[in-house]
2 protein chains.
Amino acid sequence: MNILGIDPGSRITGFGLIAADKLKFNYIASGCIRTKGELPERITTIFVEIEQIIKQYQPAVVVIERAFMRPDRPNPDAAIKLGHARGAIISAAGVNKIEMAEYSPNQIKKAVVGRGHAAKEQVSFMVQEVLKLSQAPQADAADALAAALCHAYHIL
Amino acid sequence: MNILGIDPGSRITGFGLIAADKLKFNYIASGCIRTKGELPERITTIFVEIEQIIKQYQPAVVVIERAFMRPDRPNPDAAIKLGHARGAIISAAGVNKIEMAEYSPNQIKKAVVGRGHAAKEQVSFMVQEVLKLSQAPQADAADALAAALCHAYHIL
């Protein structure tokens, strides 16, 4: 089954696709959706690109990092921007009838690195190791691949 | 031209359609999209229903209330929920290539009632008056109609 992980952001949304079965994980594709312009253009770009990736790779599930807001540093502007990007992604998955799964940032780190408070570099390193990539993926793509791997570990 | 106003919310999204020309405003339709279930289902419902309204009524523009967060009471959870709903609405307008306009809550109240700090009941009353409705619209639908009227006042 193909698993599409997504790291949402209003400026950069990372995506990462893996194929998973009981015996192995294979890297398929990853990258970043970079948006520009005003809000409607940015959000529409995310929707359109995610829908295109879904149509091309037919994932069985879309995995997205659960929105996590630091309670000690509330930032409603950042929250609403992240919400816009997530709304576009969830819509794209929903209208294409793709199942969705959510994991917290700590669940993803713990699944991939073994510790819930791992640094971003460690996540990227483990993603590269497990998927046997010749070089480290771009940071947002690495987080997206980590989300996909986390789901694979949970269901297989 | 048809103007579609929307009052976004993850549980209830109000919508209101008016036809506007230089001489008059006519009420076309209004109502609420009520969502249920888990997050993906809620957000997808908003996207699907808004897209259906767009296809049915072919508005020239979609008007949405600008997200306003009270800086003295930051609530990131509420912000992200609102962001999800807005992301679905913006995506539905964007993929259907409908122009978007945003106004702040105070701009909408000021345009419709004459004062930026009018009560919700005053907004509803003025919407009913201007559009010659036989009864007051439901609250979220009234806010959506007010957003549509605000845009009509600004462009005509």
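Up top is the structure these notes are about.
Report follows, based on the coordinates. Since this is a predicted model, take the numbers as computed values, not measurements. (Residues numbered from 1 in each chain as written. Chains lettered and ligands numbered in written order. Predicted model: local features only at pLDDT ≥ 70, side-chain atom pairs only at ≥ 80, totals over all residues. Heavy atoms only, no water.)

Further remarks concern the environment of E51 of chain B. All names here are of chain B. Relative to the helices and strands, E51 resides in helix 1 (residues 39-57). In the structure, E51 is positioned 83 residues away from S134 in sequence and 28 Å away in space, judged by C-alpha atoms. Contacts of E51, omitting those with residues within four sequence positions, involve A92, V95 and N96. Polar contacts involving the side chain of E51 include one to the side chain of N96, which spans 2.9 Å. (Helix = DSSP H or I, 4+ residues; strand = E, 2+ residues; numbered from the N terminus. Contact = heavy atoms within 4.5 Å. Polar contact = N/O pair within 3.5 Å; in protein donor to acceptor, adjacent residues only side chain to side chain.)

The next point concerns the pattern of salt bridges. In a structure, side chains of opposite charge can pair up when their charged atoms sit close to one another. Scanning all chains against the criterion turns up 10 salt bridges over all chains. The salt bridge partner of K36 of chain A is E41 of chain A, with a shortest N-O separation of 3.9 Å. For K36 of chain A, a relative accessible area of 58% gives the class exposed. The class for E41 of chain A is partly exposed, based on a relative accessible area of 40%. We note a salt bridge from E102 of chain B to R86 of chain B, for which the minimum N-O separation is 2.5 Å. Of this pair, E102 of chain B sits in strand 5 (residues 99-103) while R86 of chain B sits in helix 2 (residues 76-95), and the two are 16 residues apart along the sequence. On the accessibility criterion, R86 of chain B (1% relative accessible area) is buried. Members of the salt-bridge network, linked through shared partners, are R66, R86 and E102 of chain A. (Salt bridge = Lys/Arg side-chain N within 4 Å of Asp/Glu carboxyl O. Buried < 20%, exposed > 50% of the residue type's maximum accessible area, 1.4 Å probe, protein only.)

If you want to describe how two helices pack, look at the angle between their axes and the distance between the axes. Residues and elements named next belong to chain B. It is at 9 Å that the axes of helix 3 (residues 105-113) and helix 4 (residues 120-130) come closest, and there the two elements cross at 50°. With respect to helix 4, the element helix 3 is oriented oblique. Between helix 3 and helix 4 lies a crossing of left-handed hand. Across the interface between the two elements, K109, V112 and V113 of helix 3 pack against Q122, V123, M126 and V127 of helix 4. (Axes fitted to C-alpha atoms, helices over the stretch in contact; angles between N-to-C directions. Parallel < 35°, antiparallel > 145°, perpendicular 65-115°, else oblique. Left-handed = near helix turned anticlockwise from the far one by under 90°.)

Before going further, it helps to examine the sheet that holds strand 2 (residues 12-20) of chain A. Backbone-to-backbone hydrogen bonds pair the strands of a sheet. The strands run either parallel or antiparallel. All names here are of chain A. An order of 3-2-1-4-5 is seen for the five strands of this open sheet, with the pairing classed as mixed. Lying at the two open borders of the sheet, with one neighbouring strand each, are strand 3 (25-34) and strand 5 (99-103). Geometrically, the sheet is characterised by an average inter-axis angle of 20° between neighbouring strands, direction not taken into account. This element, helix 3 (residues 105-113), spans strand 4 (61-65) and strand 5 of the sheet and lies at about 85° to strand 5. (Pairing = 2+ DSSP bridges.)

Glancing now at the side chain of D7 of chain A. Residues and elements named next belong to chain A. Turning to its location among the elements, D7 is positioned in strand 1 (residues 2-7). Buried charge D7 goes without a salt bridge, the closest partner of opposite sign being K120 at 5.4 Å. Discounting residues that sit within four places of it in the chain, D7 has contacts with I12, T13, G14, E65, D140, D143 and A144. (Lys, Arg positive; Asp, Glu negative; His and termini not counted.)

Take the packing of aromatic side chains next. Taken as a whole and assessed by the stated rule, the structure comprises three aromatic pairs over all chains. Judged by centre distance (4.8 Å) and plane angle (15°), the ring pair of F47 of chain A and F47 of chain B falls under stacked. With F47 of chain A in helix 1 (residues 39-57) and F47 of chain B in helix 1, this residue pair bridges two chains. Taking the relative accessible area as the measure of exposure, F47 of chain A reaches 2% and is therefore buried. (Phe/Tyr/Trp six-rings, centres within 6.5 Å; stacked < 30°, edge-to-face > 60°.)

This brings us to unusual backbone geometry. If you check the backbone angles, K97 of chain A has positive phi at about 55° while not being a glycine. Its location among the elements puts K97 of chain A in the loop between helix 2 (76-95) and strand 5.

What follows is about helix 2 of chain A. Residue and element names in this part refer to chain A. With 20 residues, helix 2 ought to run about 28 Å at 1.5 Å a step, and its terminal C-alpha atoms sit 28 Å apart, in line with that. Taken across its 20 residues, helix 2 has 16 buried, putting it largely inside the fold. K97 occupies a position one or two residues after helix 2 and carries a positive phi of about 55°. (Expected span 1.5 Å × (residues − 1).)

What follows covers the interface of chain A and chain B. Taken together, the contact between chain A and chain B spans 25 residues of the former and 25 residues of the latter. Counting across the chain A and chain B interface gives four residue pairs in polar contact (both at pLDDT 80 or more). Breaking the side of chain A that touches chain B down by element, the ones donating at least two residues are helix 1, helix 2 and strand 5 of chain A. A per-element tally of the side of chain A that touches chain B places helix 2 of chain A first, with 13 residues. Tallied by class, residues from the side of chain A that touches chain B come to 16 nonpolar, seven polar and two charged. (Nonpolar A, V, L, I, M, F, W, Y, C, P; charged D, E, K, R; others polar.)

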